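# Chain and residue survey
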Amino acid sequence: MKKFILGLVFVSVFAVVTVAAQTLTVWDFKYSEVNAGGSQAPMKANDAAFEKANPGVTINHVAQPTDSTQYYQIIQSAATSNAGPDVAMFHPGGRVDGFADILVDLDPYIKDVKGQFTQASIEMCSLNEKLGNPVKVLPLTMQGFGIYYNKAYFKKAGLDPNKAPKTAAEFLAACEKLKAAGIVPITTGQTYTIDFFLRCEAANTYGPNVAGLVDGSQRFDNPVFKESAAFVKTLIDKGYIEKDGLSRPYFMDAIDKFASGGGAMFVGLLSDVGNWKVFSDKLGADNLGYFPAVNFADGTYKDQQVMQGAGIAYGVMKWSKNQKLAAAYVKFVTTGEGAKTYSAATGALSPNTAAAGGATIYPVLKAIQGYLKNGEKDYIAIGYNGYEDDSNRLCDRAFVIGDLSIDDFVAAYQKLITK
Amino acid sequence: MHNRRGFERDGAAPYVFLAPLLVLLAAFMIYPVVMNIITSFTEWKGYGPWKWIWLANYKTMIADEEFWTSIKNTALMVLYIPLSTIVTLLITAFLREGIRGWKVYRAILYIPNLLGYVLMGVIFSIYLRDDGVLNMAIKRLTGSTIHFLITPVLAINAVGFLLVVFLHLGFGLIYFLAAMNGIDKSIYEAALIDGAGFWRTLFKVSIPSIRFSVEFWVVFSFIEVFARMFSFIHTLTQGGPGYSTFTLEYGIFIQAFSKFKVGYSSAWSVVLFLFCAMISIAQIRLMKRRDE
């Protein structure tokens, strides 16, 4: 009997230890950012906080390639073998739809926090970007693009640093003055400067109807969008978009160049990298201006901010043996102190309304938050997998190579999105 | 005696020794090829269920502008093979003449082979950029820049020249030097006595004597162009600008791992397989002829 009781105690202790000692593996394409303002430090802090809140749990956070193609190739390999991380980072939208059948529906786990997120972010994180469909990932950031400018250079060129050149005429005049003053008007990187600019202009052209580009109710041969495409060609032909930049990687060479004073204007991001915080910290918080798009005279909409309700997000993999714990981790880092820690350290904008900070020391953030009230969708993020790669090649062909007329370019865009 | 069956004649030993190799061949060559052909008849993301669509991928491929662009670009690369062969042979001939410091030159020219395609792709992407080292020098000398990586005709020719000619040069030198050193020295002495100069010796003695090596080199270059350019293109141009350096091999990667159309990508791979099979048949025939 004594032996039996001892054996029972031993088995029970072993079982408790086994259950308590759990490891969650997290795959992440941002974890390799070890620079100041990079993602790794706040992620490590959040992992430590989660481990503290959940004794016996260890987070094995694995840095995966930052290149999207390589990263999703690794996810694809994991899916093929039906084994891999418990939690993985994704770009919401088409990417998540492509992997929907290996992602756990998060709805049962997020009932208490779902209301904290903006409707746009939940929509973007739901299957096929439709509210009411299962939520597949939970967003860490929201994303968007816009035009940052260096006020000191504007002043040096005789421009009003507090007046953003928002109309096409004002923009061209500003570029000419900057060029005359020996300042690079638009710091450029291949091919995202043009790609992001056109995504800004798509939101500004189609306004609340921009998603119609995907369902076919809107077309790219809209005269205002064509005008914005022709406008890019003009910027290249006149040398306002620096030709040197057309073979320079956008990530991170062009971003670093603008941040170090290598030009007057830059089509940048709102979150992650190349954002308002990075540029404010490098160029001076009061020295950075921002506007969301160039307005054309015939456009119905003005100052529309292109916006992805969610920029990067975490999902729980179906093969995970610890789905409940994995969902708890996702919730932990995207809400409350977890979300605040990440946003404060990186400058990422959180779509979690309970976590969004004021950051009053950054005037440009106030401007961005104002424009976000007129936020419109980024049509590319709701397109199919690989669309961004295709559209970047078309940008190359149209403007860098110059072998597509504006009509051919918009026709190719239309063909691509129809496909 | 000759009519006896192999197993009866040789016993089990050769087959036992060959078995591991045959298993590896079946696992890593035959199985993937068969699976690729089967996959080309399906719609598949690389995981999850397959959907049989039979010839639909091939029909899409034939109508796909990207596919024909990739074929055109690959064909353009092939045009660099004669130049590569001539340049490599000429430099080898100069080195064989025993010019001063030839071992140093040979070592220098072999360095790119040691570094590999990925590293060389990154190095040249930095060198050839508009704000890269080479253009900084050109700008200082001429006041303007050459847009190597953003002008399509320059980009495809830069890839062709660097990969097919420059990066193969080191290996070619070693290969042709070894072949030329195998030529009987008395033939060269006879040519010298007959008053043959450098060019005549090259075309009448050296090249005819290493004909099989040259033919093998050409076959090797074809395989390199069709099936080994990916890493260099990925690190140098990523198939751009636009589709100007988008080759068949690169297209297979994009379809499978950027767009997750693994079934469609397999159809492209079947075409690449057919090209490589034709090259391999040529290579086998060449080796047979040499044996004879």
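Criteria and thresholds
In every chain, residue numbers begin from 1 and rise along the written sequence. For this description, chains carry letters from A and ligands carry numbers from 1, given in the order in which they are written. Residue-level local features of this predicted model are given only where pLDDT is at least 70; pairs of side-chain atoms are given and counted only at 80 or more, and the full residue set underlies all totals for whole chains, interfaces and linings. Note that water and hydrogens are dropped before the side-chain values are worked out from all heavy atoms of the structure. Where each domain starts and ends comes from a domain assignment, either automatic or drawn from a database. Between two residues, a contact is recorded if the distance between any of their heavy atoms is within 4.5 Å. Buried area is understood as the total, over both parts, of accessible area removed when two parts are fitted together, assessed with a 1.4 Å probe. Any two strands with at least two DSSP bridges between them are considered paired. A run of H or I in DSSP counts as a helix once it spans at least four residues, and a run of E counts as a strand once it spans at least two, with each numbered from the N terminus. Lines fitted to C-alpha atoms define the axes here, with helix axes fitted over just the stretch in contact, and angles between the N-to-C directions of these axes take values from 0 to 180 degrees. Here the term buried applies to any residue with accessible area under 20% of the maximum for its type, exposed to any over 50%, and partly exposed to those in between, with areas from a 1.4 Å probe on protein chains only. Salt bridge, as used here: a side-chain nitrogen of Lys or Arg that lies within 4 Å of a carboxyl oxygen of Asp or Glu.

### Digging into the domain arrangement of chain B
All names here are of chain B.
- Under the domain assignment used here, chain B contains domain 1 (6–39) and domain 2 (62–291).
- For domain 1 versus domain 2, the distance between C-alpha centres works out to 32 Å.
- Facing four residues of domain 1, the contacting portion of domain 2 comprises six residues.
- Each partner contributes to the roughly 390 Å² buried at the junction of domain 1 and domain 2, and carbon and sulfur atoms together form 67% of this total.
- If you sort the residues of domain 1 by the area they bury against domain 2, Val 33, Asn 36 and Thr 39 come out on top, with a joint share of 86%.

### Describing the sheet that holds strand β1 (residues 22–28) of chain A
Residues and elements named next belong to chain A.
- Reading across from one edge, β2-β1-β3-β10-β4 is the order of the five strands in this open sheet, with mixed pairing throughout. Looking at the sheet topology across the chains shown, the edges are occupied by β2 (57–63) and β4 (138–139).
- By the bridge criterion, two bridges tie β4 to strand β10 (residues 313–316) in an arrangement that is antiparallel. If you follow Leu 138 over to β10, its bridge partner there is Tyr 314.
- Across the sheet, helix α13 (residues 323–334) touches β1, β2, β3 (87–90), β4 and β10, and the angle it forms with β10 is around 170°.

### Examining helix α13 (residues 248–257) of chain B
- Among the 10 residues in α13(B), nine count as buried, and that is most of the element.
- When we look at burial in α13(B), the residues that qualify are Leu248(B), Glu249(B), Tyr250(B), Gly251(B), Ile252(B), Phe253(B), Ile254(B), Gln255(B) and Ala256(B).

### Considering the pattern of salt bridges
- For the structure shown, the criterion picks out 26 salt bridges over all chains.
- For Lys226(A), the salt bridge is made with Asp407(A), and the minimal N-O distance between the two is 2.6 Å. With Lys226(A) in helix α10 (residues 223–237) and Asp407(A) in helix α17 (residues 406–418), the pair connects residues that are 181 residues apart, well separated along the chain.
- For Lys226(A), a relative accessible area of 25% gives the class partly exposed.
- The exposure class assigned to Asp407(A) is partly exposed, which follows from its relative accessible area of 46%.
- Its salt-bridge partner being Arg129(B), residue Asp131(B) comes within 3.2 Å of it at the nearest N-O pair.
- Looking at Asp131(B), the relative accessible area reads 23%, which means it is partly exposed.
- The buried category is assigned to Arg129(B), whose relative accessible area is 14%.
- Through salt bridges with shared partners, a single network forms among Glu242(A), Arg248(A), Asp253(A), Arg129(B) and Asp131(B).

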